[in-house]
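Observations on the model geometry
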Amino acid sequence: MTFDLLKECGNARRIGISGHVRPDGDCVGACLGLWQYLTKCLPEAGVQVFLEKPADIYREIKGFGEIVTDFPEEEPFDVFFLLDSVPDRMGEALSYYRAAGKKINIDHHVSNKGCGDVNYIRPEIGSTSELIYDMIAPDMLDQDMAKAIYTGIIHDTGVFQYENTTPATMEKGARLIGSGFDFSRLIRETFYQKTYVQAQIMGRTLMESIRFLDGACIVSAIDRKTMEFYHAEPKDLDGIVNQLRNIEGVECAIFMYQTNLLEYKVSLRSGDKVNVAEVASYFGGGGHVRAAGCTMSGTFHDCVNNISLHIEKQLKRWEAEHDKRDDSDF
Ligand code: AMP
Ligand code: MN
């Protein structure tokens, strides 16, 4: 085990767990996997998970129905875990974290430098759920825990596709599916399946996308009026930016949805040439080298103009470095 969860909890009576706003599969899987483990190992303690209401696709993970989504006033927690996030992205759960006796921050975002009294930040690991797996005593792992953690791993590795997948990730995946849950259905229903409306929005967004920088960059945006027309929520937009990145020749995909009159949530995905964590960090966001996000102010065109300067600079830097390398081959 890499990190002694139970020792860190000591004799805490009240333990809280949270992640980031608009919780994704990794965030939900890590929070519920940890919740199940602590509930099982520390039956005397009260353990609660606080998150914005996650997408319904995660409803079959044990503990989903216990997630507190309305953030009531609470006495300070003895220990509070912040998973897969920095405090800035916690939303309403931030006040619990601030007031807690002991703050534990477990994350894999390269942009997170550690924001707790105790920090376990591993950017080289593909998902926070994989970090939680490493912390769980193997003899305590049961099928429900395995399902939670597996969900997190598949969502952040694109079902073991992205380069954050290592041989160790696959070995852990093997042990997790060995517990016997229907992993095929889980992947289909939580990762690939879309509602009709989600598919329509995705189709429309792809249709309206614009390529620039000789096709190396692609951008598409969805405004509030369109979101309202489809009764869509941000969680209905998952997967669109990956689809943009999948287009041949694209080195960097940008997907934006409007959050306010002059404000967009921006998602960035890249191939080999652009470090999008660096781009997003410049605008106050963060994430990983190949997947990152930020919130930007301005019109659609302002945002695209500002962000594309950074992408172009990185593309040029990459080309220059590779030209140099090619020259030295002779
Ligand atoms: P998204 O584009 O929202 O799917 O996010 C891609 C990755 O970047 C995820 O790992 C997020 O956790 C991270 N990320 C997105 N937005 C932010 C932000 N504003 N600050 C820090 N990290 C972010
Ligand atoms: Mn994650």
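All values reported here derive from a predicted model rather than from experimental measurement.

1. Re the sheet that holds strand β11 (residues 291–297)
- Taken in spatial order, the 6 strands line up as β6-β7-β8-β9-β11-β10 in an open sheet, and their pairing is mixed. Only two strands of the sheet have a single partner each, and these edge strands are β6 (210–212) and β10 (286–287).
- Relative to strand β8 (residues 252–260), strand β7 (residues 217–222) runs parallel, the two being bridged by 6 bridges. Along β8, the bridge assignment pairs C217 with C252.

2. Notes on the coordination of the manganese ion (ligand 2)
- Of the protein atoms, only D26 (OD), D84 (OD), H108 (NE2) and D156 (OD) coordinate the manganese ion (ligand 2), at distances of 2.1 to 2.4 Å.
- Along the chain, the residues donating to the manganese ion (ligand 2) fall in the pattern D-x57-D-x23-H-x47-D. Of this pair, D84 sits in the loop between β3 (79–83) and α3 (94–99) while D156 sits in helix α5 (residues 143–157), and the two are 72 residues apart along the sequence. Side by side, D84 and D156 carry an identical accessibility label, which is buried.

3. Comments concerning the site of ligand 1
- Residues in contact with ligand 1 amount to 13 residues; listed here are only the nearest, R89, H109, K265, S267 and R269.
- Between ligand 1 and R89 there is a distance of 2.8 Å, counted from an oxygen atom to a side-chain nitrogen or oxygen.
- Between H288 and ligand 1, the recorded distance is 3.2 Å, taken from a side-chain N or O atom to an oxygen atom.
- For ligand 1, whose free accessible area comes to 470 Å², the fraction covered by protein is 81%.
- Taken together, the elements giving at least two residues each to the shell around ligand 1 come down to β9 (263–270), β10 and β11.
- The element that contributes the greatest number of residues to the shell around ligand 1 is β11, accounting for 4 residues.
- When the residues that make up the shell around ligand 1 are grouped by side-chain class, the tally is 3 nonpolar, 7 polar and 3 charged.

The rules behind the values
Residues numbered from 1 in each chain as written. Chains lettered and ligands numbered in written order. Predicted model: local features only at pLDDT ≥ 70, side-chain atom pairs only at ≥ 80, totals over all residues. Heavy atoms only, no water. Pairing = 2+ DSSP bridges. Helix = DSSP H or I, 4+ residues; strand = E, 2+ residues; numbered from the N terminus. Donors = N, O, S within 2.8 Å, 3.2 Å for Na, K, Ca; no water. Buried < 20%, exposed > 50% of the residue type's maximum accessible area, 1.4 Å probe, protein only. Near = heavy atom within 4 Å. Polar contact = N/O pair within 3.5 Å; in protein donor to acceptor, adjacent residues only side chain to side chain. Areas by Shrake-Rupley, 256 points an atom, 1.4 Å probe, with all protein chains shown as cover. Nonpolar A, V, L, I, M, F, W, Y, C, P; charged D, E, K, R; others polar.

Any functional reading would require information that these geometric values do not contain.
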